[in-house]
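Chain and residue survey
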Amino acid sequence: MVTKYDNENDHGSDIQADVIVLGCSLPGIVTAHKLKRKFGDTMDIVVIDLANGPTKGMSKIDMVTFFEDEDKKDEGTEVVQYSLENYSRRFLLMYAKEFNITIPDAILYPTAIPSLNKLFEYPNGSTVQCTNSFHDFDYLNALEKFELNQYQRLIDESMRNLFRATKGNQEYERQKLFYYDRTNMEDHICSALLFSTSREIMRTLVRLVCGVPASSVSVLFYLHQCYRNNGCRDYMDGSNTKFREKLLGYCRKRLARKLQESVADITLEAKSIIEIRTHSHEQVILETMKGENNYVCRLLAMALRPDQLHKIHVEPVLLSERNSEVAGLMLPGRVKKFTIQYDNDFWRAEGFSGEILSIRGPIVWAMERPAMSGTGSKTRFSYLVGYLMGKQDSMDSRKEVIEQLVRLFGECAANPVSYKESDVEDLFVPRCGDYVALKTWTKKQSLKLVEWGALDVYRDGDITEALEAGHSAYIRLSSWLRPQAQGFDDVSTVEYRSNIRGNFCSRVLSQINIIKGMSLVVYTAALYLGIRLVKSHLKQLRGN
């Protein structure tokens, strides 16, 4: 049991435990849940909630599970096979199974669902219907299409080269990481793409994936995001599970509620934490306001948002000045989603699936909200959910969204039942140049006293990224507490796949683009003219 003893100096009391998880974010409660299941009978584990209450917006949807008899439905019905080749999908599926939560087929198997025509809107407002998994951007001219395809190929090949398990020079690989991190995406885009249309498509992709402008994101961070979902093309269309996860916020709320219930008996509320310090390099002390409970532990797991960390003074031995700067400069991302509700799904009557891809905006990507009931029952209303282009002001985009839907589907889209717009919650990304520092810091052991793993790309709004951060923090904590207790399933879940395909020819071809081709022509022409001039000069000398 958690021990509590009087502290006469502060006129309060100290609560002592073996492990304290500070913060009730999604990564935090995942970490606490796993620790409690593994070590709850032999160690004292405490969760400190600084939010004074459970997460707002719990699920109001009656979700019926279809996870029966492992991965099979009732006998005589279709067998459901859950493929784990998508790294993001692993965590979503693992925790959904554990808590018997329905995840719609539209998330798990977006390409397996029979779909009607998708609508693609070009910058000039024209539209095209398509049923393919990936759109080829037919409105681009031949050169624009070539360089966009080549750039996406370059990104994918760079991703494979960077994350493929190699037995080469580790120092060289480390230097390559630093090179990618010093080069931001905007420079990378401009150095590889000649035409403005191709550049804008990639800038839109980066903003969607990372939540911040291309000029603020390192190439390495973007490659890491692509790696988790099998490639950069996957973000714009096709099997983009990650987009569907973020759109369905109630999946996150449902998971958060189940996790909070599992750790409710070890969760304590604290008004604030003033300082975090260590005592003789053996204990971590979390000090609160005078008169409140202080908290003492052998091992602290930090699961606070970067902006919450600003308000707490952390002893330099636990958080260096450089690491504090890295956390303080993590950028709050700005990704907005919308939900629009209609009396009926009129788009289906017109032969459309409800999926939209637009480079013009304000809707960039949208889909029909999947049916959440495992019984296949119909809901009263029909919804479209999706992402919007970022706006500088705080005004919502209701008018522009309705106008765009009218352009796409006709006047039947003019009178929605309701419209809601909100930010994807708690999105933080490392500033360009800080990604390597963040990865290095969060993987280091700090005197075996503090685990910072949940700060490693903090994305509470990204369901699987938040689950991954919490699960990875748990793996590192368990390796400190009792290495022999680690199970194969837990460890293997966070291992990156090593069978990334790639070959020499594809790597060479990915380096070919218009800008390099033009440079090669210029240099070749200059060399040719230089040789002709030298020959001409030599002839004149001989003639004299």
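Just above sits the structure.
A short tour of the structure in this document, coming up. These numbers come from a predicted model, not from an experiment.

Turning to the pattern of salt bridges, a few remarks are in order. Throughout the structure, instances matching the rule amount to 17 salt bridges. Lys336 serves as the salt-bridge partner of Glu421, at 3.2 Å between the closest nitrogen and oxygen. Of the two residues, Glu421 sits in strand S16 (residues 418-423) while Lys336 sits in strand S12 (residues 336-342), which places them 85 residues apart along the sequence. Residue class for Lys336 comes out buried when judged on its relative accessible area of 11%. Among the salt bridges present, the one from Glu451 reaches Arg476, with a minimum N-O distance of 3.2 Å.

In this section: the environment of Phe91. Mapped onto the elements of the fold, Phe91 is located in helix H2 (residues 87-98). On the accessibility criterion, Phe91 (0% relative accessible area) is buried.

Here the bond from Gly361 into Pro362 is cis, since omega is 5°, no more than 30 degrees from zero. As for its position among the elements, Pro362 is in the loop between strand S13 (352-358) and strand S14 (363-368). Its identity is not glycine, yet Ser280 carries a phi of approximately 55°, on the positive side. Along the chain, the position of Ser280 falls in the loop between strand S7 (275-279) and strand S8 (283-287). Its identity as a non-glycine residue notwithstanding, His281 has a phi of 55°, on the positive side. With respect to the element layout, His281 can be found in the loop between S7 and S8. You can call His281 partly exposed: its relative accessible area is 49%.

Attention now goes to the nonpolar core. Where a protein is soluble and globular, its nonpolar side chains tend to be buried together. Ranked by internal contacts, the top residues of the largest apolar core, which has 54 residues, are Tyr151, Met185 and Tyr222. Core analysis: the second largest hydrophobic core is formed by 43 residues, Ile103, Tyr109, Tyr250 and Ala303 among them.

Note that Arg228 resides in helix H8 (residues 219-228). Along the backbone, Arg228 and Ser88 are 140 residues apart, and their C-alpha atoms lie at a distance of 6.1 Å.

This part takes up the pairing of S7. Alternating positions in S7 separate cleanly, Ile276 and Thr278 being buried on one face and Glu275, Arg277 and His279 remaining unburied on the opposite face. Examined bridge by bridge, S7 and S8 share five bridges and lie antiparallel to one another. Bridge pairing in S8 places Glu275 opposite Glu287. With antiparallel pairing between neighbouring strands as the criterion, S7 and S8 make up a hairpin whose turn holds three residues, including Ser280 at a positive phi of roughly 55°. Sheet analysis places S7 next to strand S10 (residues 313-314), joined by two bridges and oriented parallel. Paired with Ile276 across the strands is Val314, a residue of S10.

Where nonpolar side chains cluster on the molecular surface, the patch consists of Phe146, Leu509 and Ile512 and spans about 250 Å² of accessible area. Along the polypeptide, Leu509 turns up in helix H19 (residues 504-510). Residue Leu509 is classed as partly exposed on the basis of its relative accessible area of 41%.

What follows deals with helix H4 (residues 142-163). Each α-helix turn comprises 3.6 residues. Residues three or four places apart therefore point the same way. With 22 residues, H4 ought to run about 32 Å at 1.5 Å a step, and its terminal C-alpha atoms sit 32 Å apart, in line with that. Capping the start of H4, Asn141 holds a side-chain oxygen 3.0 Å from the backbone nitrogen of Leu143, two or three residues further along.

Moving on: the packing of aromatic side chains. Here the structure, examined in full by the defined rule, presents 13 aromatic pairs. Ring geometry for Phe346 versus Trp347: centroids 5.0 Å apart, planes at 75°, classification edge-to-face. Neither residue differs from the other here; Phe346 and Trp347 are each classed as buried. Note on Phe352 and Phe409: the rings are 5.6 Å apart at their centroids and 55° apart in plane angle, and the pair reads as tilted. In this pair, Phe352 is assigned in strand S13 and Phe409 in helix H15 (residues 398-409), connecting sequence segments 57 residues apart. On the accessibility criterion, Phe352 (10% relative accessible area) is buried. Grouped by ring-pair contacts, the aromatic residues Tyr342, Phe346, Trp347, Phe352 and Phe409 constitute a single cluster. When the ring centre of Tyr383 is taken as reference, the NZ or CZ atom of Arg369 above it lies at 3.8 Å.

Calculation criteria
- Per chain, the residues get numbers from 1 upward, laid out in the order the sequence is written.
- Under the rules for a predicted model, residues below a pLDDT of 70 receive no local features and side-chain atom pairs below 80 are neither given nor counted, while totals for whole chains, interfaces and linings still include all residues.
- Here the side-chain values reflect all heavy atoms present in the structure, with hydrogen atoms and water set aside.
- Salt bridge, as used here, is a side-chain nitrogen of Lys or Arg placed within 4 Å of a carboxyl oxygen of Asp or Glu.
- Each helix corresponds to a stretch of at least 4 residues labelled H or I by DSSP, and each strand to a stretch of at least 2 residues labelled E; elements are numbered beginning at the N terminus.
- For every residue, the accessible area (1.4 Å probe, protein chains only) is compared with the maximum for its type, and the residue is labelled buried under 20%, exposed over 50%, or partly exposed between those bounds.
- Residues belong to one nonpolar core when they are buried, are Ala, Val, Leu, Ile, Met, Phe, Trp, Tyr or Cys, and are joined through side-chain atoms within 4.5 Å.
- DSSP calls a pair of strands paired once it identifies at least 2 bridges connecting them.
- In this analysis, a patch consists of residues with relative accessible area above 30% that form no salt bridge, clustered at 9 Å for like charges and at 5 Å for the nonpolar side chains Val, Leu, Ile, Met, Phe, Trp and Tyr.
- Accessible areas in this description were obtained via Shrake-Rupley with a 1.4 Å probe; residue shielding takes into account the shown protein chains only.
- Here the expected length of a helix is defined as 1.5 Å per residue gap, with one fewer gap than residues.
- N or O atoms closer than or at 3.5 Å make up a polar contact, with two conditions inside protein: a donor-capable atom paired with an acceptor-capable one, and, for residues adjacent in sequence, both atoms drawn from side chains.
- Stacked, tilted and edge-to-face pairs are distinguished by plane angle, under 30 degrees for stacked and over 60 for edge-to-face with tilted covering the rest, among Phe, Tyr and Trp rings (Trp via its six-membered ring) whose centres lie within 6.5 Å.
- Charge-over-ring contacts are defined here by two conditions on Lys NZ or Arg CZ: a distance within 6 Å of the ring centre and an angle within 35 degrees of the ring normal.

That's the geometry; what it means functionally is another story.
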